[in-house]
Amino acid sequence: MKKIQMVDLQGQYEQIKETVNTSIQEVLNTSSYINGPLVHEFQADLEKYLDVKHVIPCANGTDALQIAMMGLGLEQGDEVITADFTFAATVEVIALLKLTPVLVDVDKNTFNIDIEALKKAITPKTKAIVPVHLFGQVANMDAVMGIAKQYNLFVIEDNAQAIGANYTFKNGKKQKAGTIGNVGTTSFFPSKNLGCYGDGGAIFTNDDELAHTLRGIVNHGMYTRYYHDVVGVNSRLDSIQAGVLKAKLPLLDSYCNARRNAARFYNNAFSNNPNIITPTTKSNATNSCGEICDVCDCHVFHQYTLQITNGKRDELHKHLLDKGIPNAIYYPVALHAQKAYQDSRYKESDFPVTNELIKTVISLPMHTELEKEQLEFITETINQFIK
Ligand SMILES: *Cc1c(COP(=O)(O)O)cnc(C)c1O
């Protein structure tokens with residue numbers, strides 16, 4: 001059996017070596033390293049894939065969030081609501097821009113922003129909601145968009161983990177994750193579902209005016225060369241990374257399917273284990289996939305995350321490492337409990353779900369190259385240890 005990897009970038013590269021190498025060579029041949037033709041070609045390809053009017057490439061997913069918030073004109077003191085259970089980048093940029101982060105609890109089935117908690121957190125100062133499509137599953141966007149409309153709030157989708165996912169609205173309409181809110185952001189960090197070989201990111205919007213503003217902000221606030229109309233940043237996707245992404249984008253749907261197939265294998269293997277909760281899209285009952293859907297296209301399984309309910313999560317983590325099975329705890333600390341983001345407004349009783357999840361979750365190897373033999377070994381090892 002091949003050594004099991006948490007994410008098998010090498011194995012994936014072997015499959016696409018020729019196209020990726022050709023793409024990179026094209027950049028080397030033209031020495032057009034910044035803003036080269038491949039950046040524009042990738043941008044156009046991604047706009048088509050996502051069916052969105054504007055893709056604005058940038059340097060990474062954290063910048064994408066920051067630039068999106070700058071572009072919306074959010075100001076110091078404006079409250080921005082996001083999930084307590086996510087990667088810190090989401091809340092980091094809110095704080096960095098001197099906006100006020102307001103963390104709320106998540107749903108226990110989807111790990112995404114809890115709709116009741118979100119409603120309760122709205123005040124007259126609230127200006128925006130940042131749903132994070134955590135672990136590859138789209139948040140309940142019917143509800144988020146409904147609330148945003150009711151209270152006149154911006155929606156910034158943090159789509160770093162869910163590129164390629166489809167959201168089906170109650171009325172049957174389908175839209176790609178990241179293109180539903182006023183603006184969406186993503187990351188092309190190597191281990192993300194569409195990863196480059198360095199850092200990269202992008203912003204998506206259907207709003208022409210906002211797109212224009214964002215294109216200036218990523219480029220030092222310039223709309224005409226050497227005329228700086230607004231304070232901007234320097235955030236670019238370089239041409240080599242765009243070349244890698246252009247080569248990989250046509251494979252994204254097959255990559256999503258490979259991940260779903262692995263998820264299906266895991267789900268089946270753990271379905272009778274009383275101490276394991278497998279990821280479901282159950283509380284996305286708004287989805288056309290129905291009341292309970294197991295593995296469907298609203299989830300692209302950036303992570304495959306179990307809840308271990310018998311208190312043995314930490315023991316399992318060590319046991320698997322001893323057996324050569326990589327695994328990870330995403331995330332071990334709730335954001336409201338992080339030193340940088342503590343706030344006297346928060347009470348522990350505001351976060352019952354997140355406080356439970358940080359003790360029970362464990363993410364298993366998940367990538368496009370998992371083999372049946374590996375999946376069998378992983379699931380058997382876990383079912384023997386957690387009974
Ligand atoms: C990875 C990630 C980011 C940040 O992306 P970078 O490209 O690493 O800056 C932001 N939000 C979430 C949810 C992420 O997973």
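Just so you know, the residues in each chain are numbered from 1, in the order the chain's sequence is written. For a predicted model such as this one, the threshold for reporting local features is a pLDDT of at least 70, and the threshold for listing and counting side-chain atom pairs is 80 or more; totals across whole chains, interfaces and linings nevertheless cover every residue. Computation of side-chain values: all heavy atoms of the structure, hydrogens and water removed.

**Q** An account of the overall build of the protein is needed here, citing residue identities and associated values.
**A** The numbering of helices and of strands both runs from the N terminus, where a helix is a DSSP run of H or I of at least 4 residues and a strand a run of E of at least 2. A count of helical and extended segments in the protein gives 12 helices and 14 strands. Here the globule rule is a power law, 2.2 Å times the number of residues to the power 0.38, and the radius of gyration is based on C-alpha atoms. Over its C-alpha trace the protein gives a radius of gyration of 21 Å, about what one expects of a compact globule, namely 21 Å for 387 residues. With respect to the principal axes defined by its C-alpha atoms, the protein has extents near 65 × 55 × 40 Å. Only protein chains enter the area calculation, which uses a 1.4 Å probe; residues under 20% of their type maximum are buried, those over 50% are exposed, and those in between are partly exposed. Per-residue burial for the protein yields a buried fraction of 57% across its 387 residues. Working rule for contacts: check all heavy atoms of both residues, and any pair within 4.5 Å makes them a contact. Contacts spanning at least 24 positions in sequence make up 74% of the contacts within the protein whose residues lie at least 6 apart.

**Q** Kindly report on the environment of Leu134, identifying the contributing residues and their values.
**A** Mapped onto the elements of the fold, Leu134 is located in the loop between β4 (126-130) and α6 (141-151). Leu134 gets classed as buried once you look at its relative accessible area, which sits at 1%. Separated by 167 residues in sequence, Leu134 and Phe301 have C-alpha atoms that sit 9.1 Å apart. Apart from residues no more than four positions distant in its own chain, Leu134 is found in contact with Phe85, Thr86, Phe111, Asn112, Gln161 and Tyr331.

**Q** Now, about the pairing of β4: what can you tell me, with residues and values included?
**A** Extensive coverage of β4 is indicated by the burial of four of its five residues. Two strands are said to pair when DSSP picks up at least two bridges between them. Bridge analysis of strand β2 (residues 79-83) against β4 gives four bridges, and the strand direction is parallel. Counted as the bridge partner of Thr82 is Val130 from β4. Two elements, β4 and strand β5 (residues 154-158), share two bridges in a ladder whose sense is parallel.

**Q** Please set out the sheet that holds strand β8 (residues 183-187) residue by residue, giving values where relevant.
**A** Read from one edge to the other, the open sheet built from seven strands follows the order β1-β9-β8-β5-β4-β2-β3, with strand pairing classed as mixed. Only two strands of the sheet have a single neighbouring strand rather than two, namely β1 (54-58) and β3 (100-104). Neighbour-to-neighbour, the strand axes of this sheet turn through a mean angle of 25 degrees, independent of strand direction. In this fold helix α3 (residues 61-71) packs onto β1, β4, β5, β8 and β9 (201-205), with an angle of close to 165 degrees to the strand it touches most, β8. To define axes, lines are fitted to C-alpha atoms, for helices over the stretch in contact only, and angles between the resulting N-to-C directions are given on a 0 to 180 degree scale.

Shape descriptors only; they carry no functional weight alone.
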